[in-house]
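Chain by chain, the residues run as shown.
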Amino acid sequence: MSKVETKEVINTKLKMTPSEAIVETLVKEGITHISGILGSAFMDMLDLLPAAGIRFIGVRHEQSAAHMEDGFCRVSGKAGVVIGQNGPGITNMVTSVAAANQAHTPMVIISPSAGTPTVGWDGFQECDQVSVFKAVTKETVRVTHPGRVADCLRTAFRIAYAERGPVLFDIPRDYFYGEIEDYILEPHQYRVDVRGCGSSESLNKAAELLENAEYPVIISGRGTVDSDGIEDVKAIAEHLTIPAAVSYMHNDAFPADHPLAVGPIGYMGSKAAMHTLKKADVVLAIGTRLSVFGTLPCYDIDYFPKNAKIIQIDINPRNLARTHPIEVGIIGDAREASIELLKRIKNLIPNVLENKQRLAEAAELKQQWEKELVELAMVEGSPINPRRALLELTKVLPENAIVTTDIGNVSSTANAYLKFNKPRTHIAALTFGNTGFAYPTALGAKLANPDCPVVAIVGDGAWGMSLHEVSTAVEENIPVVACVFNNGAWCAEKKNQVDFYNNRFVGADIQNPDFAEVARSMGAAGIRVERPEDVGAAILEAINSNKPTVLDIQVDGTQLAPPFRKDALKMPTRLLPKYAHLDYRNW
């Protein structure tokens, strides 16, 4: 077929139903699965999925669907798609969509809404879903006519990729039916994936700043991973001997085994990274928004430099200088900008600038930090020091393992222990900070890369919000390993009650079943671990079984990490006489 004929076929309108137009647009986008829970609102479209080659993955709670697709996208680079019943089915996704929004994860939420003949009558499962999702998505796209379904869905994908986040595609449930004529276009006809490198003037200025820097430091973030730019960031680091940290909870944004790697900044990050960054006179922040929480003092180290000149590269202009004043802002793709920046650096400094002192300092700081981590882990616990369990886990993880981490005391402590040499292997809850994230996200990560072992690090509180999805893992044969750190409490919050409320525990302690036994009753494998020396063997057994497996790891609930929000808490004062005994001045 000639090019002219191909174009003619592409641009020919087809007679079809709106459901068919939606599904065919999904096929063109390369969508091979959709997550959600079936509902009558979209059953006409659902009926088409098997014939279209699109797998429908039924979860047990709609919140899990968007977490799954968050994980799928972070590993695959492809936007995930979720769907649910209008009203409660869609509103159940608010939390997980909000998490994906703050994580800059492209996603399309197909959102059936109340039928147009009854809107405004408070009908069954009626909700103004567009208003609900406006604050937690990049855009809400409302289908205004059945003939616009394909166009609106294309718009949703275009914005999701362009602005890096979830987009709501809201369609009245009666608009799935009828007969329309429309085009089915190829993605390149309605969206552009290739991004630019930024302005030449800004790149030139950045290169000059780096040329004259006394102690430059790189912070590499999610944008570096998403753009497949790690090799290019490494090249900059190696040419100028620049130590490289990774942004909060993106431990896979620079290979940990590299001589210039100093580890993650942010809560429970690397002291080596913090002490290194503290000395910087120029910070090259690549593909990171430099979030406020991710740059707060930690371990009583106020490490983020106040007077350093910051070069910030980000694809989204909204993120530039949003949290820290910058010297140079570059609106561009992390990889493309890094390639062009290196060219300019080499023009200014043709030969590799080997700085043995910086290499030696990085090595020394890392060695000290590693020693401290091991010493902290080897303190006896009853039954297991959670740090020891994390240490044993990291010893046995295969090189290609993908790890998802929840939010909470043990999950966040993992930030100090987890090291990755490959990108798209660390999938964390990040700054939205909702519990129940890690396990469904791990299911999505496994769908994206079935050949890699996937391990979820989850606290027992978060597991209470996740364990129902073990049924999904069994039913869909998704062999993910859940490492449940069972300390019998919401320990991140319990630590606040220890430090700020004189050990008065309200709502902190929880009573758990035997999670291994529960897993077995659901058709998965379950292993209870009570000794630190058994942790590594149990994890390897679970990975090698290639079955959905839950490890119930018994850890000490008194060995706690520092408070999450030390910056936002104050010692309690009480003014009414009946509460005087609760005033910190009277303890």
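Located above this text is the structure these notes cover.
Heads up: these notes are all about the structure in this document. (Residues numbered from 1 in each chain as written. Predicted model: local features only at pLDDT ≥ 70, side-chain atom pairs only at ≥ 80, totals over all residues. Heavy atoms only, no water.)

In this section: the nonpolar core. One finds Y439, W463 and V550 to be the most contacted residues of the largest nonpolar core, which totals 57 residues. Those residues within four positions of V550 in sequence are excluded, and the remaining contacts are W463, V470, A482, V484, F515, A519, A525, G526 and I527. (Core = buried A, V, L, I, M, F, W, Y, C linked by side-chain atoms within 4.5 Å. Buried < 20%, exposed > 50% of the residue type's maximum accessible area, 1.4 Å probe, protein only. Contact = heavy atoms within 4.5 Å.)

This part covers the side chain of N251. With respect to the helices, strands and loops of the structure, N251 is situated in the loop between β10 (244-246) and β11 (261-264). Judged by its relative accessible area of 4%, N251 falls in the buried class. At 3.1 Å, the side chain of N251 forms a polar contact with the backbone oxygen of L418. (Helix = DSSP H or I, 4+ residues; strand = E, 2+ residues; numbered from the N terminus. Polar contact = N/O pair within 3.5 Å; in protein donor to acceptor, adjacent residues only side chain to side chain.)

Before going further, it helps to spend a moment on the layout of surface pockets. If you add up the space inside the largest pocket, you get close to 830 Å³. Together, 41 residues line the largest pocket, and R164, R222, G223, D226 and I315 are the ones closest to its centre. Of all the secondary-structure elements, those providing two or more residues to the lining of the largest pocket are α9 (149-163), α11 (222-226), β13 (309-314) and α14 (334-348). Here the lining of the largest pocket is built from residues that sort into 10 nonpolar, 17 polar and 14 charged. (1 Å grid on protein atoms, 1.4 Å probe; cavity = no way out; pocket = protein on both sides within 12 Å on 5 of 7 lines; lining within 4 Å. Points joined across faces, edges and corners; volume = space filled by probe spheres on them. Nonpolar A, V, L, I, M, F, W, Y, C, P; charged D, E, K, R; others polar.)

What follows is about the sheet that holds strand β7 (residues 166-172). Strand order across the open sheet formed by 6 strands is β3-β2-β4-β5-β7-β6, with parallel pairing between neighbours. Only two strands of the sheet have a single partner each, and these edge strands are β3 (55-58) and β6 (139-142). Across this sheet, the average inter-strand angle for adjacent strands is 25°, counted without regard to direction. Both β6 and β7 contribute to a ladder of 4 bridges, which runs parallel. By the bridge assignment for β7, E139 is matched with V167. (Pairing = 2+ DSSP bridges. Axes fitted to C-alpha atoms, helices over the stretch in contact; angles between N-to-C directions.)

Contact geometry of helix α2 (residues 18-28) with α9 gives a least axis separation of 8 Å together with a crossing angle of 30°. One way to sum up the angle between α2 and α9 is to call them roughly parallel. Here α2 and α9 pass one another in a crossing that is right-handed. Side by side, α2 and α9 meet where P18, A21, I22, T25 and L26 of the first sit next to V149, A150, L153, R154 and F157 of the second. The class makeup of the residues in the contact of α2 with α9 is 8 nonpolar, 1 polar and 1 charged. (Parallel < 35°, antiparallel > 145°, perpendicular 65-115°, else oblique. Left-handed = near helix turned anticlockwise from the far one by under 90°.)

Further remarks concern the pairing of strand β4 (residues 80-83). Going residue by residue along β4, you find G80 and V82 tucked away on one face and V81 and I83 tucked away on the opposite face as well. Relative to β4, strand β2 (residues 33-36) is paired through 2 bridges, and the arrangement is parallel. Across the sheet, S35 pairs through a bridge with V82, a residue of β4. Bridging between β4 and strand β5 (residues 107-113) involves 4 bridges; their strand directions are parallel. Across the sheet, the residue bridging to V82 is I109, located in β5.

The next thing to look at is the sheet that holds strand β19 (residues 525-529). The strand order β16-β15-β17-β18-β20-β19 describes an open sheet built from 6 strands, whose pairing is parallel. A single partner strand is all that each edge strand has here, and the edge strands are β16 (426-428) and β19. Here the average twist between neighbouring strands, direction ignored, is 15°. By the bridge criterion, 6 bridges tie strand β18 (residues 481-486) to strand β20 (residues 549-554) in an arrangement that is parallel. By the bridge assignment, F485 is partnered in β20 with I553. Relative to the sheet, helix α23 (residues 535-545) contacts β17 (454-459), β18, β19 and β20, its axis offset from that of β20 by approximately 170°.

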